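Listed below, chain by chain, are the residues.
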Amino acid sequence: MTNFFKRTYDTIQKNKAVFGLILMLVFSGLIWLASHIKFDEDISKLIPSNPENEQLQKVLNTAQFSDKIIVNIHKEANGSLEDLTEYAQQFLDSIELKSADVIKNIQGKIEDETIFETLDFAYANAPLFLSETDYKSISSKLQKDSIEAITESNYKTLASPSGMIAKKTIIKDPLGISIMALKHLKQLGFNEDFKLQDGFLVSKNEQNLLLFITPKYKSSETNKNQVFAEQLYQFQNNLNTEYNGKISSTLFGGTLIAVANAQQIKKDIQLTVAIALGVLLVLFVFFYRKINIPIILLIPTIFGGLLAIAALSIVRQDISAISLGIGAVLLGVTLDYSLHVLTHIRNNNTINNLYSDVTKPILMSSITTALAFLCLLFIDSQALQDLGIFAAISVLGASVFALIFIPQVYKAETVQTQRKSTFIDTIAGYQFHTNKWLIGCVLILLVMSAFTYHHVSFNNDISALNYEPLHLKEAEKQLDDLTNETAKSLYIITYGNSMEIALEQNDMVFDALNRLENEQKIISFNSVGALVKSKKSQQTKIDTWNSFWTPEKVNDTEAQLIDSGRKFGFKTTTFQEFYTLLKSDFKPLSVADFQTFSTMPTEDFMASAGQFHTITSIVKVDDGNIPLIKDYFKDQSNTMVIDRQNINERLLGHLKTDFNALIGYCFAIVLVLLWLFYRNWKLTLVTVLPIAITWFITIGIMGVFRMEFNIFSILISSFIFGLGVDYSIFMTNGLLKETDNDQKTLTTHKTSVLLSVITTILGIGVLILAKHPALQSISIVSMIGILTAMLVAFTMQPVLFRLLIRN
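Description of the structure in this document. Each chain has its residues counted from 1, running along the sequence as written. A pLDDT threshold of at least 70 governs which residues receive local features in this predicted model, and a stricter bar of 80 or more applies before side-chain atom pairs are shown or counted, although totals over entire chains, interfaces and linings include all residues. As a convention, hydrogens and water are excluded, and side-chain values are obtained from all of the structure's heavy atoms.

1. With respect to empty space enclosed by the protein
- Only protein atoms enter the 1 Å grid, on which a cavity is a set of points fitting a 1.4 Å probe that cannot get out and a pocket is an open set with protein on both sides within 12 Å along at least 5 of 7 lines, lining residues being those with an atom within 4 Å of a point. Grid points are joined across faces, edges and corners, and a volume is the space filled by probe spheres set on the points. Going through the model one piece at a time under the given rule, you end up with three cavities of 30 Å³ or more.
- Each pocket or cavity is described by its volume, and for the second largest cavity that value is around 80 Å³.
- Lining the second largest cavity are ten residues; nearest its centre among them are Leu119, Asp120, Lys168, Thr169 and Lys172.
- We count a stretch as a helix when DSSP gives it H or I for four or more residues in a row; a strand needs E for two or more, and each element gets its number in order from the N terminus. Mapped by element, the contributors of at least two residues to the lining of the second largest cavity are helix H5 (112-124) and helix H8 (164-172).
- Among the residues making up the lining of the second largest cavity, the classes are represented as four nonpolar, two polar and four charged. Polar here means any residue outside two lists: the nonpolar Ala, Val, Leu, Ile, Met, Phe, Trp, Tyr, Cys and Pro, and the charged Asp, Glu, Lys and Arg; Gly therefore counts as polar.

Right, here's the structure in full:
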C-alpha cells in the first residue's frame, strides 16, 4: 500500500489541474447526494428491537401519549374572578391570532354551543351511557307521585328567569336522563375539584384556571415547536405585565421541556465549540507555523462525513438524526489521521519517509476502528446500525483521503528551515516509560480498579439527563400542588389488528378501572371508554334500554307526564320530543360517529397505524399501588400497562446488555485484525493489552467516584475505544521503526498521539462548561478515557514491547 500512495502522489503532482477538477466534482457529487437524505428525529430508534420487545415497540410507536402544554393561570392578592377569566380569554385570543397553525386543539374553554352539542349527543344516544344504577334511579322517577313532583319542579324552572340551557333540556328531557348520561363522561375530563365559570375550567376555590394546549407537532420536533414556545412565553410575559399584581400564569409541558433542552444544548455547543476552536486554532498555527492548517486538518474529516452520508442516502430512505449527531462527535477519530500525516510531514523531509512511516499504521487503525464500529450492526437498532455504518465509512474515507490530499497541500520543503521545538515536542520527547513513578501510578490504578470497577452502574433513567429550567420546575410544582397532575401516571393500552378488538378490550379495562377507583386503589383515571364503546357493548346497552322501556312503560310514562302537565298548563305535545326518544330504534355507533363529536377529544386516547390500533387510558396512582395495577392487568389479552419511565429503563437495560456483548465483539475483531496485520502474537499482545488496560482503569476510576454510565456516555465510549486502538497501533509501529532502523521515529509518533489527545480534550473537555447534564456526562467520561489511553500508551506500551519483543 505504501507504493500505491507514493505512485498516486507522483501522478497527482504531474496532473494538479486534473486532480483539482476531480476533487471539485467528487465533493459536489457527495454534497448533492447528502442533501437528499431525510432525517428521522425519533429518539426511540436508539432502543433495540427484538422478538422480546417487538410487540411493546409496536404499541409504543402507535399509542397516543398526548403531550399537552398546561397553562396554569392563578389569581394574586389584588385579582378577581373576572380578571382571571379575562386573562384566559386574552391568552386564547393571542394564540388563535398568531399560533393557530401550530396547535391541534385547546381545551379548557367551553362555549355555549359546545354545551348544547354535548347535551344533544348525550340525549340522542342516552342508552349508550346509562348504567344499572341509572336505571334504578329512572325507575324511582316513574312512580305517579314522583312524576307529579318532577313536573311541578320543571314548571317552576321554566317559569323562572333561569338559564336557557336548563329550559331547553327540560322540554326535551323532563326526567333528566341526558344529565345522568352526561355524568359518565367525566372520565374524559377533570375531577370534581374544578367547576365551569363563564365557560372556563376554574378550581373550586376560584384561585386557578387551567387551559390545555395540544401542539400540532410531537415534542421531539423541537425545531417546529421552538417558535411556538417563544410565542407562548411572549403572550405570558405581556399579560403578566398587564395584570401585574392581579393575575399571573405558568406554563408546563413536555414540549416546553424538549424545546428548553434543544436550546440549551445549542447554546452549550456554540459556547464550547467557540472556545475549543479558538484554542485549537492558536495551537495548530503555533505548532505547524501555518495559518491554513485548521482548514487542511478538517477537509479529510469533512470528506469522510460527506462520503458516509452519501452512502447512507443510497441504502436508506431516511437515517436517524440522533445517530448522525453522535456520529459527528465520533468524527474526532478521523481528525487523528490528518494530525498523523501533518506531524510526520513536519518532522520528515521526504515523501518516501512520510508514506513509509504512516501508511501502514493509519490504514491499520482505520480498518480496525471501522470494523469495530460495524459491530453495531449486531444490535437490532436502526439508529445504532446507522451510526455504525456512518462511523465506519467516515473513518475509512478520511484516512485514505488524508494520505492522498494532505501531502499535496502541506509540503515538506516548507518546513526545511531550522524548526524551533515547542512544548508539545518537549513532552513527546520525554521518556515516560523510564519514569518509575509513572509506571507505579499505572500499576496502582490497575490494582485499585480491580476493587472499584464493579461500583460503576448504568443509569437507565433517561429523564435524569433532561435539562429543566428553574421556571419549568416551579411550574411543575405548582401544578402538582393543584391537580396532582405530575403524580405517577400509568398508561393502560389495549391494542388489536382492528379497532373493534381494541375497543372490546378497552371495555373490560374501563369496567376494571371503575372498580379500582371505587376501592381507592387508584387516584383517578381518564378513559375514552366513558364515551366510545365496542359495538358489542353498545348493543348490550341498547338491549338493556329496550328491555327497560317496554311499550307499556313508555305509554304509561307518556300518559302520566301529560296528565300531571295539565295542572300547570302544559300542552299534550310539550314533551313530544322525549316521547319520540323513548320509542326510537337505537343502533350502535361507529368510531367515526364519535370522532365527529368535537367536544370530546377522542384523538387523545385512540390511535391507528395501518391495520394496528391502540386505545390508551391514563391512570393516576400512588407509587405503592403500581405493582398491584400491573399485576391486575398482566394476564388480560391485548392489554399492556405502560410505565413510561420503567419501560425506558427496561429497554435501555437491554441496550446496556447489548453493549456489553458489543465490547466483546470489538476486542475479538481488533485481536484478529492485529494478528493478521502483524503475523506475530507478541506484537498483537503489545498492541491490544494497552487497550484492555485503558478500559479497565477508566472503569475503575469511574468506580472510585461512583460515576454512572448513561445512554449517551456508553455510546461515546465507542469513540474512546477507537482512539485507544489508534494510539496503540501508532505506538507499536513507532517502536518497531525505532528498533528496525535505529531511528528516533517513536518521538514523532508520540507527537501525533499527543496532538490528538490535546485536540480531543479541548474539543470534548470544554463540554464540562455546559449546563446540560448529558453533555457534562459525555465530557467527564471521555476525558478520563482519553487521558488514561495516553498514559498507558506512553508508559506501559514501551515496557511491554521491551519485555515481549526485545527479549
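2. Observations concerning a nonpolar patch on the surface
- Patch rule: a residue counts if its relative accessible area is over 30% and it has no salt bridge; like charges are joined within 9 Å, and nonpolar side chains (Val, Leu, Ile, Met, Phe, Trp, Tyr) within 5 Å. Throughout, the Shrake-Rupley method with a 1.4 Å probe supplies accessible areas, and for residues the shown protein chains are the sole cover considered. Counted as salt bridges are all cases of a side-chain nitrogen of Lys or Arg within 4 Å of a carboxyl oxygen of Asp or Glu. On the surface, Leu271, Ile275, Val279, Ile768, Leu769 and Ile780 cluster together into a nonpolar patch covering about 450 Å² of accessible area.
- Among the elements that make up the nonpolar patch, the one with the highest residue count is helix H11 (residues 254-288) (three residues).
- For isoleucine 780, the location among the structural elements is in helix H30 (residues 773-806).
- On the basis of relative accessible area, isoleucine 780 is assigned to the partly exposed category, the value being 32%. The classification of residues rests on relative accessible area computed with a 1.4 Å probe and restricted to protein chains. Under 20% of the type maximum is buried, over 50% is exposed, and intermediate values are partly exposed.

3. Overview of the packing of helix H2 (residues 16-35) against helix H12 (residues 293-315)
- Between H2 and H12, the shortest axis-to-axis distance is 8 Å and the interhelical angle comes to 45°. The pairing of H2 with H12 is recorded here as oblique in orientation. For the pair H2 and H12, the crossing hand works out as left-handed. In this structure, H2 contributes Val26, Phe27, Leu30, Ile31, Leu33 and Ala34 to the contact, and H12 contributes Ile299, Ile302, Phe303, Leu306, Leu307, Ile309, Ala310, Ser313 and Ile314. Note on method: axes are straight lines fitted to C-alpha atoms, helices fitted across the in-contact stretch only, with angles between N-to-C directions ranging 0 to 180 degrees. Note on angle classes: values under 35 degrees are labelled roughly parallel, values over 145 roughly antiparallel, values of 65 to 115 roughly perpendicular, and the remainder oblique. It is the rotation of the near helix from the far one that decides the hand of a crossing: anticlockwise by less than a right angle makes it left-handed, clockwise makes it right-handed. Throughout, a residue-residue contact means that at least one pair of heavy atoms, one from each residue, lies within 4.5 Å.

4. With respect to the packing of aromatic side chains
- The criterion for an aromatic pair is that two Phe, Tyr or Trp rings (for Trp, the six-membered ring) have centres within 6.5 Å, with stacked assigned to planes under 30 degrees apart, edge-to-face to planes over 60 apart and tilted to the rest. For the coordinates displayed, the defined rule picks out 26 aromatic pairs.
- Note on phenylalanine 4 and phenylalanine 5: the rings are 5.2 Å apart at their centroids and 80° apart in plane angle, and the pair reads as edge-to-face.
- For phenylalanine 4, a relative accessible area of 40% translates into the label partly exposed.
- Geometrically, the ring pair formed by tryptophan 545 and phenylalanine 586 is edge-to-face, given 5.6 Å between the ring centres and 80° between the ring planes. Here phenylalanine 586 lies in the loop between helix H23 (576-582) and helix H24 (591-595) and tryptophan 545 lies in helix H21 (residues 535-548), a separation of 41 residues in the sequence. Comparing tryptophan 545 with phenylalanine 586, the two get one shared label, buried.

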